[in-house]
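# Breakdown of the fold
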Amino acid sequence: SHPLDPLLSTLSNNYDTCTDLDDRIEQTYKILDPEDIGSLEFQQLHSGLRKLHLRPRVHLSKEDFEMITDGLSLCGADQRLSKENFCRMIKRQLKIFVQRAMTDAIAMANTTPEMLSLLSAMRYS
């Protein structure tokens, strides 16, 4: 499993439209940045994610932070993640999360070869 899976699962299960998803990601960011600084450092993100009371609890390591920010390329020179790049990162991680879930569903599916081909193709659309 991935350290952000509890958050990604919650976000992926509770939205109706792309605008709704954007709003939910933005609401999450506001919780993580309550002082409205406009960017998050690793420690703020780590402690903020733990305050969301997700089950299981999110434990984000420094290595995880570097991975989800594409080797810190989504961060500024100060290694802080802006609101815009936080949203970009979450959407990217959501796509990967859904692809992993579909891969798991395909592996467990007892269905026709045609349906398996269709599901496999959908993973990467």
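These remarks concern the structure in this document. (Residues numbered from 1 in each chain as written. Predicted model: local features only at pLDDT ≥ 70, side-chain atom pairs only at ≥ 80, totals over all residues. Heavy atoms only, no water.)

### Digging into the packing of aromatic side chains
Rules: Working definition: a ring pair exists when centres of Phe, Tyr or Trp rings (six-membered ring for Trp) sit within 6.5 Å. Plane angles under 30 degrees give stacked, over 60 give edge-to-face, the rest tilted. Numbering of helices and strands runs from the N terminus, with a helix taken as a DSSP run of H or I at least four residues long and a strand as a DSSP run of E at least two residues long. Summary of the burial criterion: residues with accessible area below 20% of their type's maximum are buried, those above 50% are exposed, and those between are partly exposed, where the area comes from a 1.4 Å probe applied to protein chains only.
This model, assessed by the stated rule, comprises two aromatic pairs. Taking 5.3 Å as the distance between ring centres and 55° as the angle between the ring planes, the aromatic pair formed by Tyr 29 and Phe 86 counts as tilted. Placement of Tyr 29 in helix α2 (residues 18–32) and of Phe 86 in helix α5 (residues 83–108) is noted, with a sequence separation of 57 residues between them. On the basis of relative accessibility, which here comes to 1%, the residue Phe 86 falls in the buried class.

### Remarks on the packing of α2 against α5
This is how it is decided: In this description, a line fitted to the C-alpha atoms serves as the axis of each element, helices being fitted only across the stretch in contact, and the angle between N-to-C directions of two axes falls anywhere from 0 to 180 degrees. In what follows, roughly perpendicular refers to angles from 65 to 115 degrees, roughly parallel to angles under 35, roughly antiparallel to angles over 145, and oblique to any angle outside these ranges. Helix crossings get a hand from a simple test, with the near helix turned counterclockwise from the far one by less than a right angle marking a left-handed crossing and a clockwise turn marking a right-handed one. The contact criterion used is simple: two residues touch if any of their non-hydrogen atoms lie within 4.5 Å. Each residue is assigned to one of three groups, with Ala, Val, Leu, Ile, Met, Phe, Trp, Tyr, Cys and Pro labelled nonpolar, Asp, Glu, Lys and Arg labelled charged, and all others, Gly among them, labelled polar.
As a packed pair, α2 and α5 sit with axes 10 Å apart at the nearest point and diverge in direction by 125°. One way to sum up the angle between α2 and α5 is to call them oblique. Two packed elements cross with a definite hand, and for α2 against α5 that hand is right-handed. Contacts between α2 and α5 involve Leu 21, Asp 22, Ile 25, Glu 26, Thr 28, Tyr 29 and Leu 32 from the former and Lys 83, Phe 86, Cys 87, Ile 90, Lys 91 and Leu 94 from the latter. Of the residues assigned to the contact of α2 with α5, the class counts are eight nonpolar, one polar and four charged.

### What to know about the environment of Leu 60
Here Leu 60 is to be found in the loop between α3 (42–51) and α4 (62–68). Taking C-alpha positions, Leu 60 is 8.9 Å from Arg 50, a pair spaced 10 residues apart along the chain. Residues in contact with Leu 60, not counting those within four places in the same chain, are Pro 3, Leu 4, Phe 42, Leu 45, His 46, Leu 49, Phe 65 and Ile 68.

### Some words on α2
So the rule is basically this: Helix span, expected: 1.5 Å multiplied by one less than the number of residues in the helix.
Helix length check: α2, at 15 residues, gives a terminal C-alpha distance of 21 Å against a target of 21 Å (1.5 Å per residue), a fit within 8%. In this structure, the buried side of α2 is in contact with α1 (5–13), β1 (39–40), α3, β2 (81–82) and α5.

### As for the nonpolar core
Inside soluble globular proteins, nonpolar side chains tend to come together where they are buried. Rules: Among the buried residues, those of types Ala, Val, Leu, Ile, Met, Phe, Trp, Tyr and Cys that are joined through side-chain atoms within 4.5 Å form a nonpolar core.
With 28 residues, the main nonpolar core has Leu 45, Leu 49 and Phe 86 as its most contacted residues. Here this core gets six residues from one element, more than from any other, and that element is α5. If near-sequence neighbours (up to four positions away) are discounted, Phe 86 is found in contact with Ile 25, Thr 28, Tyr 29, Leu 32, Leu 40, Leu 45 and Leu 81.

In short, geometric facts, not functional conclusions.
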